[in-house]
Amino acid sequence: MTHDAPRDAAWTDVTLPPAQRARALLSQLTLREKLQQLGSTWPGSEDLEEAVAPLQESHEMALPFAEAIVDGIGHITRPFGTAPVEPSDGVIRLASLQREVVAANRHGIPAIAHEECLTGLTAWKATVYPTPLAWAATFDPELVAEMGAAIGSDMADLGVHQGLAPVLDVVRDYRWGRVEETLGEDPHLVSEMAAAYVTGLQSAGIVATLKHFVGYSASRGARNHAPVSVGPRELRDVLLPPFEKAVVAANVRSVMNSYTELDGVPTASDRELLTGVLRDQWGFTGTVVSDYWAIPFLQSMHRVVDGLGDAGALALDAGIDVELPHTAAYIEELAERVSAQTIDTAVLRVLTQKAELGLLDAGWSPERASTETVDLDSTRNRSIAGRLAEESVVLLRNEDERLPLADGPRRILVVGPTADDPNALFGCYSFPNHVLPNFPDASMGVEASSVLEAVRREFPSASIRFVAGSAVTAGDDTGIDEAAVAAREADLTIVVVGDRSGMFGHGTSGEGCDVLTLELPGVQHRLAEEVITAAASSILVVLSGRPYAIGGLAGAADAALQVFFPGQEGAAAVAGVLSGRVRPSGRLPVQIPGAASAQPGTYLAPPLALRSEGISNIDPTPAFPFGFGLGYSRFEIADARVDGNTIATDGTVVVSTTVTNTGEERSTAVPQLYLHDPVADVTRPVTQLIGFARVDLDPGESADVSFAVHADLASYTDRSLRRRVDPGVIQLRIDHHAAGAQAPVAVELVGPVRTVDHTRVMTVPATAAIRVR
């Protein structure tokens with residue numbers, strides 16, 4: 001079935017610009033038809049018992065599909081991500097839904113179909129990639145872009161148009177349940193990795209959606225949906241830059257609002273942010289979509305209005321163009337509360353996006369070229385997922401080079417509640433953990449080994465025993481003694497502890513799974529402590545969605561790995577690191593907190609937030625700093641050098657170093673560039689990341705690594721809330737991690753104070769030239 005609109009209609013003319021086509025169609029729509037383009041419907045959500053979104057019972061206010069689409073609809077919500085469906089059958093079903101939508105409106109306008117795609121497409125039988133915190137641990141934007149392109153290609157093959165990812169919330173408190181969904185605690189790292197994902201996803205023709213604009217991760221007490229109170233400079237210098245980079249540099253086509261409220265103003269109704277910053281300042285031209293039920297929440301949760309019509313008016317006037325996942329507040333009452341121009345502006349954005357996606361073309365059809373070859377877990381996908389998992393493993397400790405296990409011990413004990421559970425490799429937005437709890441009889445849909453299974457494959461000649469020792473969450477410690485006894489009898493004990501991701505309290509990590517402390521869940525800390533003490537030799541493996549205070553455990557073990565949910569290929573990556581088949585190169589995108597660390601607190605801190613002996617008895621020093629990670633080789637980084645000690649406040653300086661592999665294995669160095677501004681108009685972080693690179697080097701090989709640093713990278717928000725570059729001295733340091741000891745080099749910026757905006761330079765290009773031996 002194709003459009004039944006006149007073939008000479010201007011809005012079907014592919015030779016015209018999308019915005020012109022959208023305006024032509026807009027002029028033909030009635031008020032109801034316009035409002036329908038701003039709404040959505042979620043077929044099948046009424047059958048879900050376990051929540052996949054907050055306050056999911058709100059779906060009860062939704063109309064049945066046939067009624068919801070009368071006169072058209074803007075979006076179809078999660079046609080593949082709601083229930084297990086064979087991909088080929090899902091393609092046929094989505095095409096059928098689209099035919100119904102086209103037939104139900106007089107202009108034959110199809111809907112935009114959107115899906116979640118945070119750890120890969122959230123669909124049955126789709127590859128489960130590592131969680132975003134693991135992407136960030138790779139410090140490899142190119143590989144993340146490759147993953148994004150693969151995910152986008154699969155989505156396009158299904159007839160899906162928009163993906164609700166990535167998450168750009170900068171971590172401010174490790175206790176927050178959604179840390180696993182983020183790209184870490186540094187705005188520069190988040191910016192680079194998120195822009196890469198957006199570029200990859202959109203290269204396949206899929207609309208990427210930034211989440212969650214803005215401030216969600218800075219909630220009080222790290223509680224999901226809790227109010228946020230941040231200063232205007234923290235907002236501008238920490239929380240906003242990743243979104244700014246994705247809008248300005250990656251040309252993202254959609255943004256989703258945050259559930260939160262900033263200083264008492266719900267973001268879903270914040271015109272200053274959704275229109276003033278996003279559109280007027282940054283020039284964003286895409287669509288803003290609501291987080292699920294965020295608009296009704298203005299009435300039920302935030303209580304700033306007393307009816308759905310008022311909630312819709314407040315959100316639409318603020319700048320939210322599309323209400324997801326069901327239409328509840330974008331109803332005909334809006335015409336009595338907002339201007340016709342406000343409605344037309346939002347509809348024009350939606351129709352323009354539909355034109356860009358080809359949905360308004362005269363020859364558009366919902367039918368896919370083939371439904372028999374749909375493979376969402378292809379060899380290509382698994383290869384990318386495997387490489388990401390391998391690069392994400394962070395080696396925290398390797399005493400006396402215990403790893404790799406080159407000879408292979410004869411008797412291996414594997415201990416821990418996450419060791420024999422493939423789901424412990426997945427984040428909360430993976431299909432197995434996000435949707436399948438509603439369908440307990442369905443298979444996982446993809447093949448994924450547990451760490452225990454992978455260790456057995458990696459060391460086939462070893463005698464391998466498994467003892468769980470405890471559950472992930474339960475307080476029952478009766479299995480600890482058995483595990484300790486077994487450890488005394490083994491040549492090597494691998495202790496696997498951490499999280500089981502879930503939703504809204506059904507996990508120890510994930511959306512709505514916030515925690516009070518950063519001790520391992522349940523009795524796992526005691527389990528690990530007693531087993532490591534009893535073992536002749538031990539390796540600690542932490543599979544988690546957030547960093548835990550495991551410094552003491554890591555120090556007691558012979559070796560320790562931090563592994564943020566690594567996806568379906570993750571167990572093989574972990575086992576490969578143990579054997580040496582994989583050379584670890586991951587770096588921490590979040591600190592590993594010390595035992596006495598208070599929250600909130602990250603490495604990005606001014607002097608008063610750091611250790612202050614004699615002033616506070618709480619020591620925030622981490623057990624392992626941001627950017628830390630060991631390998632199976634050793635690298636020397638020479639002190640930084642510059643091509644000039646003085647540059648203009650609009651100039652560029654090249655900062656260089658020589659990185660040398662002084663070990664005996666080919667391995668990957670990750671030199672990181674940090675900036676320190678000793679004197680400024682407001683307090684500044686003692687150190688902050690502004691650039692990084694990945695360099696593969698053979699033993700004895702060296703590379704000259706250079707970073708081109710524009711003065712804009714030293715900009716910050718001053719007391720007048722202007723972003724500026726000051727004359728004066730800055731210090732630049734190339735190091736192994738944030739707490740490294742490499743000597744900085746001073747560069748003086750000269751000239752007038754410069755005010756900069758969203759057009760400033762936000763990236764530091766890096767080059768690496770291998771020295772010829």
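Residues numbered from 1 in each chain as written. Predicted model: local features only at pLDDT ≥ 70, side-chain atom pairs only at ≥ 80, totals over all residues. Heavy atoms only, no water.

Enquirer: Can you help me understand the overall build of the chain in this one?
Expert: Tallying secondary structure elements over the chain gives 20 helices and 30 strands in all. Against the globule reference of 28 Å for 773 residues, the chain gives a C-alpha radius of gyration of 26 Å, in line with a compact fold. Taking the principal axes of its C-alpha atoms as reference, the chain extends roughly 75 × 70 × 50 Å. Out of the 773 residues in the chain, the part that is buried amounts to 62%. A separation of at least 24 residues holds for 80% of the contacts in the chain among residues at least 6 apart in sequence. Accessible surface, the chain as shown: approximately 26700 Å² in total, 48% of it carbon and sulfur. Averaging the positions of the 59 positive and the 99 negative side-chain charges in the chain gives two centres separated by 3 Å. (Helix = DSSP H or I, 4+ residues; strand = E, 2+ residues; numbered from the N terminus. Rg over C-alpha atoms; globule rule 2.2 N^0.38 Å. Buried < 20%, exposed > 50% of the residue type's maximum accessible area, 1.4 Å probe, protein only. Contact = heavy atoms within 4.5 Å. Areas by Shrake-Rupley, 256 points an atom, 1.4 Å probe, with all protein chains shown as cover. Lys, Arg positive; Asp, Glu negative; His and termini not counted. Charge placed at Lys NZ, Arg CZ, Asp CG, Glu CD.)

Enquirer: Honestly, the packing of aromatic side chains in this entry has me stumped. Any pointers?
Expert: Any aromatic ring pair is given by two values, namely how distant the centres are and how the planes are angled relative to each other. Enumeration over the complete set of coordinates arrives at 14 aromatic pairs. Ring centres of Y603 and F626 lie 4.5 Å apart, and the angle between their planes is 5 degrees; on these two criteria the pair is classed as stacked. One end of the pair, Y603, is in the loop between α20 (570-579) and β16 (635-637); the other, F626, is in the loop between α20 and β16, with 23 residues separating them in the sequence. Between Y603 and Y674, the aromatic rings sit 6.5 Å apart at their centres with planes inclined by 85 degrees, giving edge-to-face as the arrangement. (Phe/Tyr/Trp six-rings, centres within 6.5 Å; stacked < 30°, edge-to-face > 60°.)

Enquirer: Teacher, can you tell me more about the sheet that holds strand β9 (residues 287-289) here?
Expert: Read across the sheet, seven strands follow the order β1-β2-β3-β4-β5-β6-β9 without closing on themselves; strand pairing throughout is parallel. Bordering the open sheet on either side are β1 (40-41) and β9, each of which pairs with just one other strand. Docked against the sheet, helix α13 (residues 340-356) engages β3 (112-116), β4 (162-164), β5 (207-213) and β9, running at close to 110 degrees with respect to β9. (Pairing = 2+ DSSP bridges. Axes fitted to C-alpha atoms, helices over the stretch in contact; angles between N-to-C directions.)

Enquirer: Sorry if this is basic, but what is going on with helix α16 (residues 451-458) here?
Expert: Counting along an α-helix, one turn takes 3.6 residues, and residues three or four places apart therefore face a common direction. Burial in α16 covers these residues: V451, L452, A454 and V455. Down the axis of α16, the buried side of the element spans an arc of 165 degrees, and every buried residue falls inside it. Packed against the buried residues of α16 are β11 (411-415), β12 (463-467), β13 (492-498), β14 (538-544) and α20. (Arc of directions from axis to C-beta.)

Enquirer: Help me understand unusual backbone geometry, please; the structure alone is not making it clear to me.
Expert: Most peptide bonds take the trans form, and the phi angle of most residues other than glycine is negative. Note the cis peptide between K211 and H212, where omega equals -5 degrees. The residue F139 is not glycine, and still its phi comes out positive at about 50 degrees. Tracing the chain through its elements places F139 in the loop between α5 (132-138) and α6 (141-158). On the basis of relative accessibility, which here comes to 1%, the residue F139 falls in the buried class. In this structure, H225 is a non-glycine residue whose phi angle is positive, near 70 degrees.

Enquirer: Is there a simple way to think about the sheet that holds strand β25 (residues 716-717) in this case?
Expert: Each strand in a sheet pairs with another by means of backbone hydrogen bonds, the pair being arranged parallel or else antiparallel. Strands sit in the order β25-β26-β29 across an open sheet of three strands; the sheet is antiparallel. Two strands close off the open sheet at either side, each with one partner strand: β25 and β29 (754-755). In terms of strand pairing, β25 meets strand β26 (residues 723-725) through two bridges, oriented antiparallel. Bridge assignment links T717 to a residue of β26, and that residue is R723.

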